[in-house]
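# What the coordinates show
Take a look at the letters that make up each chain.
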Amino acid sequence: MTGTVTGRPVVAGVDNSESARTAVLWAADEAMLRGRGLRLIRALDWPAGAPRPDEPYRRENAPRHRGSHRAHATSWSVQTYEDPDRTPPVHGWGGRFRDAAEAVVVEAGALAAARHPQLEIIESLVDGKPVDVLRAESEHAAMLVLGSRRLSSLTEMLTTGSIAAPVAAHALCPVAVVREREHDSSVSPSVVVGVDGSARSEAAIAYAFDDASRRGAFLTAVLVVRTTGPHVSERATADGEVRLAESLAGWKAKYPDVTVRPQVTTGHTVKALVDKSEHALSLVVGTRGFGGFRGMVLGSVSHGLIHHARCPLVVVPSGDA
């Protein structure tokens, strides 16, 4: 299949890490599931003072597929062959820096094409800081997909973690943060959605129902009653059950094919949702309602889920920003 990718693609941020490789494969699966093209983007974050062309650079190839790649898809290390369709290497440090970035995105494209040969894929290089580039991409994307490494808290603040949190906070489309591949839940596949009973969590609920329907999965809808002392009153739990039922009522009628498992639980919000995510295909939360992304402070519910969810985390914008 050739031609231009039509509609909003699934966009995956690419670097040379193993977590990015996992995210690329997940993004390719997601693009196929949703009938979308896949756009792989590598941000060229030039070091301060580094020699480079004066004008902004944007490199993008036509959609490519398995037969047109010139890279090995068997490992994340790059070994490319001469390709007449590509720009000849540029001499000097700046040229080598750009060539190395292009090699990474070409390899990512080869991995995705080997996974789904019929998938339309665009590989792109864009000058700019990763956070800025990805936020801009969200204006035209069906979804952003980012990898997230298992690092110490300090390292997460300085590297991948500092990218995933601000991108998810301000993106205009759903953002998937993939720490590891989704679980094999062929016996009882489940999508988990966090609900807080507010109107601002409607977008996350809508996404979760649609995702569960596409995957043929159960939907586990979780409302967490936060504990402020050693005991939780029966009234607080009952109120939570009412709020959860009201939040799900309209969506259950719209998606009769989806079996819903409503659960009201107590305790720390992050821990409760992390526990529920252990065997899930994905965990879905909103940006402005459940999860509190507006503050984006270290230790917040949202930050905790980005770094500790045990399945792909999908952060859905509320639409009221």
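Above this text you will find the structure in question.
Presented here is an overview of the structure given in this document. Model, not experiment: these values are computed from the prediction. (Residues numbered from 1 in each chain as written. Predicted model: local features only at pLDDT ≥ 70, side-chain atom pairs only at ≥ 80, totals over all residues. Heavy atoms only, no water.)

### Concerning the pattern of salt bridges
Keep this limit in mind: One side-chain nitrogen of Lys or Arg within 4 Å of one carboxyl oxygen of Asp or Glu is enough to make a salt bridge. Starting at the N terminus, helices and strands are each numbered in turn, a helix being any DSSP run of H or I of at least four residues and a strand any DSSP run of E of at least two. The buried label applies to any residue whose accessible area, calculated with a 1.4 Å probe on protein chains only, is under 20% of its type's maximum; exposed applies above 50%, and partly exposed to all values in between.
Throughout the structure, instances matching the rule amount to 12 salt bridges. We note a salt bridge from D211 to R34, for which the minimum N-O separation is 3.1 Å. Of the two residues, D211 is situated in helix α6 (residues 202-215) and R34 in helix α1 (residues 18-34); the sequence distance between them amounts to 177 residues. Assigned by exposure class, D211 and R34 land together as buried. Salt-bridge contacts for D211 lead to R215; the nearest nitrogen and oxygen are separated by 3.0 Å.

### What to know about the pairing of strand β6 (residues 175-178)
Counted only if it meets this: Pairing between strands is defined by DSSP: at least two bridges between the two strands are required.
What you see with β6 is no split at all: V175 and V177 on one side and A176 and V178 on the other are buried throughout. Summarising the sheet, strand β5 (residues 143-147) and β6 pair through 4 bridges and their orientation is parallel. Bridge assignment links L146 to a residue of β6, and that residue is V177. Where β6 lies against strand β11 (residues 313-316), 3 bridges are found, and the strand directions are antiparallel. Each bridged residue has a counterpart across the sheet, and for V177 the counterpart in β11 is L313.

### Details of the nonpolar core
Let me state the cut-off plainly: We define a nonpolar core as any set of buried Ala, Val, Leu, Ile, Met, Phe, Trp, Tyr and Cys residues linked to one another through side-chain atoms lying within 4.5 Å. Whether two residues touch is decided by their heavy atoms; if any such pair falls within 4.5 Å, the residues are in contact.
Counting residues in hydrophobic clusters, the biggest one holds 52 residues, and the most contacted among them are L38, L40, V145, V193, F209, L219 and V284. At 7 residues, the largest contribution of residues to this core is made by α6. Not counting residues up to four positions away in its chain, the partners in contact with L38 are V10, A27, A28, A31, A112, L119, E120, I121 and I122. With 34 residues, the next largest nonpolar core counts V11, V126, V285 and C311 among its residues.

### Looking at the packing of α6 against helix α7 (residues 234-254)
Keep this limit in mind: All axes are obtained by fitting lines to C-alpha atoms, using only the stretch in contact for helices, and the reported angles, taken between N-to-C directions, cover 0 to 180 degrees. Left-handed describes a crossing whose near helix is turned anticlockwise from the far helix through less than a right angle; right-handed describes the clockwise counterpart. Gly is put with the polar residues, along with every residue not named as nonpolar or charged; the nonpolar set is Ala, Val, Leu, Ile, Met, Phe, Trp, Tyr, Cys and Pro, and the charged set is Asp, Glu, Lys and Arg.
Across the interface, α6 lies against α7 with an axial gap of 11 Å and an inter-helix angle of 40°. In this structure, α6 crosses over α7, and the sense of that crossing is right-handed. Along its contact with α6, which presents E202, I205, A206 and F209, the element α7 presents S247, L248, W251 and K252. Its residues assigned to classes, the contact of α6 with α7 comprises 5 nonpolar, 1 polar and 2 charged.

### Remarks on the packing of aromatic side chains
Note the threshold: Here a pair means two rings of Phe, Tyr or Trp (six-membered ring of Trp) with centres within 6.5 Å. Their orientation is stacked below 30 degrees between planes, edge-to-face above 60, and tilted elsewhere.
Applying the stated criterion to the full structure yields 3 aromatic pairs. With 4.8 Å between their ring centres and 50° between their planes, W46 and F97 make a pair best called tilted. With a gap of 51 residues between them, W46 in the loop between β2 (38-44) and β3 (58-60) and F97 in helix α2 (residues 93-115) connect regions that are remote in the sequence. Its relative accessible area of 25% is what places F97 among the partly exposed residues. Note on F209 and W251: the rings are 6.4 Å apart at their centroids and 25° apart in plane angle, and the pair reads as stacked. In this pair, F209 sits in helix α6 while W251 sits in helix α7, placing the two residues 42 residues apart along the sequence.

### Examining α7
What counts here: A helix is expected to reach a length of 1.5 Å times the quantity of its residues less one. Values of bend correspond, residue by residue, to the angle between axes fitted over the seven residues ending at that residue and the seven starting there.
Spanning 21 residues, α7 covers 31 Å between terminal C-alpha atoms, matching the ideal 30 Å at 1.5 Å per step. The principal kink in α7, of about 40°, is found at L248. Those residues of α7 that sit buried are G240, L244, S247, L248 and W251. Summarising the contacts, the buried residues of α7 are in contact with α6, β8 (218-225) and β9 (260-266).

### Some points on the pairing of β11
Here β11 shows no split at all, with L313 and V315 on one side and V314 and V316 on the other all buried. Bridge count for strand β10 (residues 282-286) against β11 is 4 bridges, and the pairing is parallel. Across the sheet, L283 pairs through a bridge with L313, a residue of β11.

### Here's the deal with the side chain of S282
Formally: As used in this structure description, the phrase polar contact means that two N or O atoms lie within 3.5 Å; if the pair is within protein, one of them must be able to donate a hydrogen and the other to accept it, and residues adjacent in sequence are counted only when both atoms belong to side chains.
With respect to the element layout, S282 can be found in strand β10. Of the residues examined, S282 reaches a relative accessible area of 0% and is grouped as buried. A polar side-chain atom of S282 sits 3.3 Å from a polar atom in the side chain of D211. Beyond its immediate stretch of four places on either side in the chain, S282 contacts S190, V191, V192, D211, C311, P312 and V314.

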